[in-house]
Amino acid sequence: MNYLHPEEEHQVWALERYDGDHPGTRYLVEFPDGEAYICRLDTAYDSENSGELDIDEDNPLYDEFHQVSMEIIEVKNRGLRPYGEWLNLDYRDWPTRIMDADRGAVVYPSPAG
């Protein structure tokens, strides 16, 4: 598989594989500053930063990445990120931990390394 960034294999793609094996899972998503949410994975797609930062494709700052969109079911601890109903995750601001909220399984960081 070709990843847009090497870390995606152990981050976003690990989450997608887990969700494929356990559809409808509720996830506890935790960030380093204590911000935390209970979410369900809604969709995944390739994205890029040209729209949000007004960057042309030929600019060296242009970046493509794989992203997941998660529906926020419950706010455990609000932080500085401006999330409402949806949490979009990609390698640029990946949480420190993602757990299956019902089974207690750690999805990220991957137990397999």
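Given the structure is predicted, the values throughout are model-derived calculations rather than measurements.

1. As for the sheet that holds strand β5 (residues 97–100)
Strands sit in the order β4-β3-β2-β1-β5-β6 across an open sheet of six strands; the sheet is antiparallel. In this open sheet, the two edge strands, each paired with only one partner strand, are β4 (86–89) and β6 (106–108). The average undirected angle you get between the axes of adjacent strands in this sheet is 40°. By the bridge criterion, two bridges tie β5 to β6 in an arrangement that is antiparallel. Its bridge partner being in β6, Ile 98 is matched across the sheet by Tyr 108. Of the strands in this sheet, β1 (26–30), β2 (36–48), β3 (64–77), β5 and β6 touch helix α1 (residues 12–21), which is tilted by about 65° from β3.

2. Details of the pattern of salt bridges
Tallied over the full model, the rule gives eight salt bridges. Taking the shortest distance from any N to any O, the salt bridge between Lys 76 and Glu 74 comes out at 3.5 Å. The network of salt bridges with shared partners includes Asp 33, Glu 35, Arg 81 and Asp 93.

3. Quick look at unusual backbone geometry
Here the residue pair Tyr 108 and Pro 109 is connected by a cis peptide bond, since its omega of 0° sits within 30 degrees of zero. Here Pro 109 is to be found in the segment after β6.

4. Description of the environment of Asp 102
You can see Asp 102 is positioned in the loop between β5 and β6. As for Asp 102 and Tyr 45, which are separated by 57 residues in sequence, their C-alpha atoms are 26 Å apart. At a separation of 3.0 Å, a polar atom in the side chain of Asp 102 contacts the side chain of Arg 26.

5. A word on the nonpolar core
By size, the foremost hydrophobic cluster in this structure holds 20 residues, and its most contacted members are Leu 15, Tyr 27, Val 29, Met 70, Leu 87, Leu 89 and Ile 98. With four residues, α1 is the largest single contributor of residues to this core.

6. Concerning the pairing of β3
Alignment of β2 against β3, held across twelve bridges, turns out to be antiparallel. Counterpart to Ala 44 in the pairing with β3 is Val 68. The sheet contact formed by β3 and β4 spans four bridges and is antiparallel. Paired with Val 68 across the bridge in β4 is Leu 89.

7. Section: the side chain of Glu 8
With respect to the helices and strands, Glu 8 occurs in the segment before α1. For the buried Glu 8, which has no salt bridge, the nearest side chain bearing the opposite charge is Arg 92, at an N-O separation of 8.4 Å. The contacts of Glu 8, once residues within four sequence positions are left out, are Tyr 3, Trp 13, Ala 14, Phe 65, His 66 and Tyr 91.

So, how was this worked out
- Residues numbered from 1 in each chain as written.
- Predicted model: local features only at pLDDT ≥ 70, side-chain atom pairs only at ≥ 80, totals over all residues.
- Heavy atoms only, no water.
- Pairing = 2+ DSSP bridges.
- Helix = DSSP H or I, 4+ residues; strand = E, 2+ residues; numbered from the N terminus.
- Axes fitted to C-alpha atoms, helices over the stretch in contact; angles between N-to-C directions.
- Contact = heavy atoms within 4.5 Å.
- Salt bridge = Lys/Arg side-chain N within 4 Å of Asp/Glu carboxyl O.
- Polar contact = N/O pair within 3.5 Å; in protein donor to acceptor, adjacent residues only side chain to side chain.
- Core = buried A, V, L, I, M, F, W, Y, C linked by side-chain atoms within 4.5 Å.
- Buried < 20%, exposed > 50% of the residue type's maximum accessible area, 1.4 Å probe, protein only.
- Lys, Arg positive; Asp, Glu negative; His and termini not counted.

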